[in-house]
Amino acid sequence: MTNPLFYAKILLFGEYGIIEDSQGLTLPYSFYKGTLKFSSLDSEFEKKSNEHLKKYAEYLENLKLPETFELNVSKFKDEISSGLFFDSNIPQGYGIGSSGALVAAIFERYSISKHEPENISKDELKNLRHVFGLMESYFHGKSSGIDPLICYMNLPILIESKESVDKVAIPASEAGKGAIFLIDSGMTGETGPMVQIFFEKMKTEGFRKTLKEEFIRYNNACIDAFLKKDMNPFFRNLKKLSHWAYEHFRPMIPESLFNVWKKGLDSNAYYLKLCGSGGGGYILGFTKDYEKAEKMLDGFNKEVIYRF
């Protein structure tokens, strides 16, 4: 069985803001991937994955999906009995879509009506996102459906608002001094508790006000400048965004990165932001001079995902 590969995703901009109708920009990341496979389940990893799929199948059996997006759950259960597992190197709890890739793979294989990602209209994207949100809620309690959508479409997606998403072209990566990179915080994060903290914060009027008036403004300005490849306003707004997160997203910033986060802001050598819900996993870094930033971040594992 050769099933398609589903890549990890990176939410460049929009973490938490998309819950409150900010824009978001997200892209596939092919370094990590997953696919459905059959085996005799000899390894612990395969056995565990198969067990997880069993539990997930029970959840899907009771899930009411719109008619055009229904899944053949009985086929899914039969194949689980025949040794189906999800073979993935996407780290869990790292904010790069491990559950999104799994949901996309299951939808692709077991959806009764076939959908061609390249022919999906903007309206269908909206419906698909809703379906993926329902399917992924099993893992996080509540899901926007964005992660599986990226993994399924394998294209950059611009989240225009809560209701509207569209495919988008991002400027091509090219050899240059600047880079967007991932930093490994060395610990896993859990989405559920982090989102809970965010909703607690949203109960205070001051936080709601600064989120709407500052965070969302900087976030949307970053997306706009990045898509236009306008790097001066991009870094200007990025600094404000990074500073805002340092002040207001403290609980979501892994402890190991507090000091280097501040160091970036003070030196202007690089700026950091959350990659997904935070609490652990990866953090995103942006710099005009990667060589300099790399030296300053010595001791951390880093992966460059985009050059300019």
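The rules behind these values
Residues numbered from 1 in each chain as written. Predicted model: local features only at pLDDT ≥ 70, side-chain atom pairs only at ≥ 80, totals over all residues. Heavy atoms only, no water. UniProt positions renumbered as here; feature names shortened; annotations may be inferred. Helix = DSSP H or I, 4+ residues; strand = E, 2+ residues; numbered from the N terminus. Contact = heavy atoms within 4.5 Å. Axes fitted to C-alpha atoms, helices over the stretch in contact; angles between N-to-C directions. Parallel < 35°, antiparallel > 145°, perpendicular 65-115°, else oblique. Left-handed = near helix turned anticlockwise from the far one by under 90°. Nonpolar A, V, L, I, M, F, W, Y, C, P; charged D, E, K, R; others polar. Pairing = 2+ DSSP bridges. Buried < 20%, exposed > 50% of the residue type's maximum accessible area, 1.4 Å probe, protein only. Domains from an automatic or database assignment. Buried area = accessible area lost by both parts, 1.4 Å probe. Salt bridge = Lys/Arg side-chain N within 4 Å of Asp/Glu carboxyl O. Disulfide = S-S within 2.5 Å.

In the annotation of an unreviewed UniProt entry, the protein is listed under the name Mevalonate kinase and assigned to Chryseobacterium shandongense. One UniProt comment on the protein, placed under Pathway (unreviewed entry), says "Isoprenoid biosynthesis; isopentenyl diphosphate biosynthesis via mevalonate pathway; isopentenyl diphosphate from (R)-mevalonate: step 1/3."

(A) Representation of the environment of Leu134 in the model. Relative to the elements of secondary structure, Leu134 occurs in helix α4 (residues 122-140). In this structure the C-alpha to C-alpha distance between Leu134 and Lys64, which are 70 residues apart in sequence, comes to 8.8 Å. What Leu134 contacts, discounting residues up to four positions off in sequence, is Tyr59, Leu63, Lys64 and Leu65.

(B) Spatial organisation of the packing of helix α1 (residues 44-61) against α4. Contact pair α1 / α4: the axes reach a minimum separation of 10 Å and the direction vectors enclose 135°. Classified by the interaxial angle, the pair formed by α1 and α4 is oblique. Note that α1 runs across α4; the crossing there is right-handed. Residues Lys55, Tyr56, Tyr59 and Leu60 of α1 form the contact with α4, whose participating residues are Leu134, Met135, Glu136, Ser137, Tyr138 and Phe139. Of the residues that constitute the contact of α1 with α4, the class distribution is seven nonpolar, one polar and two charged.

(C) Focus on the environment of Phe286. Note that Phe286 resides in strand β8 (residues 282-287). Separated by 106 residues in the primary sequence, Phe286 and Ile180 place their C-alpha atoms 4.6 Å from one another.

(D) Broad picture of the UniProt feature "domain: GHMP kinase C-terminal" (unreviewed entry) in the protein. Under the UniProt annotation, "domain: GHMP kinase C-terminal" (unreviewed entry) lies at residues 224-302. In the segment residues 224-302, helix accounts for 51% and strand for 14%; the C-alpha atoms at its two ends are 26 Å apart.

(E) The arrangement of the UniProt feature "domain: GHMP kinase N-terminal" (unreviewed entry) in the protein in detail. Taken from the UniProt record, the annotation "domain: GHMP kinase N-terminal" (unreviewed entry) applies to residues 84-153. For residues 84-153, the helix share is 57%, the strand share is 7%, and the end-to-end C-alpha distance is 23 Å.

(F) Quick peek at the sheet that holds strand β6 (residues 179-184). In space, the four strands of this open sheet follow the order β7-β8-β6-β9, with antiparallel pairing throughout. The open sheet has two edge strands, β7 (271-274) and β9 (302-307), and neither has a second partner. Recorded for the sheet is a direction-independent mean angle of 25° between the axes of neighbouring strands. Looking at chain direction, β7 and β8 are connected through four bridges and run antiparallel.

(G) Layout of the pairing of strand β3 (residues 84-88). Most of β3 sits out of view: four of its five residues are buried. As paired strands, strand β2 (residues 24-38) and β3 are joined by five bridges and run antiparallel to one another. Directly across from Thr35, in β3, lies its bridge partner Asp87.

(H) A look at the domain arrangement of the protein. Partitioning the protein into structural domains gives domain 1 (6-167) and domain 2 (179-307). Just the C-alpha atoms count here: the centres of domain 1 and domain 2 sit 25 Å apart. Contacts between domain 1 and domain 2 engage 25 residues on the former and 42 residues on the latter. The largest share of the area that domain 1 buries against domain 2 comes from Phe13, Tyr16 and Tyr94, three residues that together contribute 31% of it. Applying the counting rule to domain 1 against domain 2 returns two salt bridges. The closest approach of N and O atoms between Lys212 and Glu20, which form a salt bridge, is 3.4 Å. Put simply, the parts of the chain that give the side of domain 1 that touches domain 2 at least two residues each are β1 (6-13) and β2. Sort the elements by how many residues they give to the side of domain 1 that touches domain 2 and β2 lands first, with five residues. Class assignment for the residues of the side of domain 1 that touches domain 2 results in 14 nonpolar, nine polar and two charged.

(I) Just unusual backbone geometry, in detail. Positive phi, normally seen in glycine, also occurs at Asp21, with a value near 75°. Here Asp21 is to be found in the loop between β1 and β2. Here Asp21 falls in the partly exposed class, since its relative accessible area comes to 39%. The backbone of Asn268 sits at a positive phi, close to 60°, despite the residue not being glycine. With respect to the element layout, Asn268 can be found in the loop between α9 (258-267) and β7. Classification of Asn268 by relative accessible area gives partly exposed; the value is 42%.

(J) Main features of the state of the cysteines. Inspection of the entire model under this criterion finds zero disulfides. Here Cys222 is not disulfide-linked; the sulfur of Cys275 is the nearest cysteine sulfur, at 15 Å. Classification of Cys222 by relative accessible area gives buried; the value is 0%. Counting only cysteine sulfurs, Cys151 is the nearest neighbor of Cys275, a cysteine outside any disulfide, at a range of 12 Å.

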